[in-house]
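# Architecture and fold: a report
If you want the building blocks of each chain, they are given just below.
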Amino acid sequence: MTVPFLRHFGRAASLPLDNIDTDVIIPMQQLLSVPRSELGRCAFNALRYDEQGNERADFPLNTSKGRGASVIVAGRNFGCGSSREGAVYALAGLGVRVMVASSYGDIFYSNCLKNGILPIMLSQADLDSVHEAIAGSQEPVDAAIDLQAQRIALSTGLWFPFEIDPAHRQRLIDGTDEVALTLQAEDDIRRFEQGDRMARPWAQRADA
């Protein structure tokens, strides 16, 4: 099970970069050496920190406007590259509940849904408007996301509808993962197994 998602309100940070791959989100060496519970501090490591481990002042998530953001607004093809699910673990550890981009790597998109992060897709024109609104504001910009209404609204007054597959939306609202979905069919699975044992007794394991 994941944390059910219906509405979310949080600070939005603009990260207007295309083709951010999963190795940028979480480097493999840190994925192998850092516990899952601590991956958030390693997210975007090369972008957030310099060679001495100090924060880069110009990285959006290190600024006063973007620090603590739970909504990250990126560019095209976010989460491309390898299939590592640790990229989503790192984002979740950073406190991210919503990603906004014009497109995603397919496996990354699926991993977001499995782990309770809402990956919103906007048209390039709408995405550019969001980036401009955040960049042009002197104050931090907050975003309110209503998954039921499929709408994202900024504290600047802008708002945009978004599309999401109904099955994906319901999974996020219910907080169900693939295991929970399978368990919903437990009775059907049990009936199938019983029928199969009767129809093909020769195919069953001796210790079954």
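Thresholds, definitions, all that
- Residues numbered from 1 in each chain as written.
- Predicted model: local features only at pLDDT ≥ 70, side-chain atom pairs only at ≥ 80, totals over all residues.
- Heavy atoms only, no water.
- Helix = DSSP H or I, 4+ residues; strand = E, 2+ residues; numbered from the N terminus.
- Buried < 20%, exposed > 50% of the residue type's maximum accessible area, 1.4 Å probe, protein only.
- Contact = heavy atoms within 4.5 Å.
- Areas by Shrake-Rupley, 256 points an atom, 1.4 Å probe, with all protein chains shown as cover.
- Lys, Arg positive; Asp, Glu negative; His and termini not counted.
- Charge placed at Lys NZ, Arg CZ, Asp CG, Glu CD.
- Core = buried A, V, L, I, M, F, W, Y, C linked by side-chain atoms within 4.5 Å.
- Axes fitted to C-alpha atoms, helices over the stretch in contact; angles between N-to-C directions.
- Nonpolar A, V, L, I, M, F, W, Y, C, P; charged D, E, K, R; others polar.
- Pairing = 2+ DSSP bridges.
- Phe/Tyr/Trp six-rings, centres within 6.5 Å; stacked < 30°, edge-to-face > 60°.
- Right-handed = clockwise from strand over helix to strand, strands pointing away.

The helix and strand inventory of the chain stands at nine helices and seven strands. Judged by the C-alpha coordinates and their principal axes, the chain covers about 70 × 40 × 25 Å. Here the chain, with 208 residues, has 42% of them falling under the buried criterion. Taking as baseline every contact in the chain between residues at least 6 positions apart, the subset at least 24 positions apart corresponds to 65%. Only carbon and sulfur atoms are counted for the fraction: they give 52% of the accessible area of the chain, which is about 11100 Å². Seen as two clouds, the 20 positive and the 27 negative side-chain charges of the chain have centres 4 Å apart.

Turning to the environment of Gly79, a few remarks are in order. Along the chain, the position of Gly79 falls in the loop between strand E2 (71-73) and helix H4 (86-93). Setting aside its immediate chain neighbours within four residues, Gly79 contacts Ile20, Thr22, Ile25, Gly105 and Phe108.

Looking now at unusual backbone geometry. Backbone geometry places Asn19, a non-glycine residue, at a positive phi of 60°. Summarising the element assignment, Asn19 is placed in the loop between strand E1 (7-14) and helix H1 (22-25). Assessed through its relative accessible area of 46%, Asn19 is described here as partly exposed. One non-glycine residue, Gln150, lies in positive phi territory at about 55°. Look at Gln150 and you get buried, because its relative accessible area is 14%.

Where helix H7 (residues 166-174) is concerned, the buried positions are Arg169, Arg171, Leu172 and Ile173. Directly after H7, the chain includes Gly175, whose backbone phi takes a positive value near 70°.

Turning our attention to the nonpolar core. Grouped together as the largest cluster of nonpolar side chains are 53 residues, with contacts concentrated most on Phe44, Phe78, Leu91, Leu118 and Ile145. For Leu118, the residues in contact, after removing those within four places along its chain, are Phe5, Arg97, Val98, Met99, Ile145, Leu147, Phe162, Ile164 and Leu172.

Turning our attention to the packing of helix H5 (residues 106-114) against H7. Interaxial distance between H5 and H7 falls to 9 Å at its minimum, and their mutual angle equals 35°. Side by side, H5 and H7 meet where Tyr109, Leu113 and Lys114 of the first sit next to His168, Arg171 and Leu172 of the second. Within the contact of H5 with H7, the residues separate by chemical class into three nonpolar, one polar and two charged.

Attention now goes to the pairing of strand E5 (residues 141-146). One ladder, built from six bridges, connects E1 with E5; its direction is antiparallel. The residue bridging Ala12 from the neighbouring strand is Val141, located in E5. Judged from the four bridges that link them, E5 and strand E6 (residues 151-154) form a sheet pairing that is antiparallel. Its bridge partner lying in E6, Ala143 is registered against Leu154. Between E5 and E6, which pair antiparallel one after the other, the connecting turn spans four residues, and Gln150 there sits at a positive phi close to 55°.

Evaluated as defined, the whole model comprises four aromatic pairs. Ring geometry for Tyr104 versus Phe108: centroids 6.2 Å apart, planes at 20°, classification stacked. We note that Tyr104, like Phe108, is buried. Ring geometry for Tyr104 against Tyr109: centres 5.6 Å apart, planes inclined by 55°, an arrangement best described as tilted.

Bridge analysis of strand E3 (residues 98-101) against strand E4 (residues 118-121) gives four bridges, and the strand direction is parallel. Each bridged residue has a counterpart across the sheet, and for Met99 the counterpart in E4 is Pro119. Handedness of the crossover is the feature at issue here: the chain leaves E3, passes through H5, returns alongside E4, and the resulting connection is right-handed.

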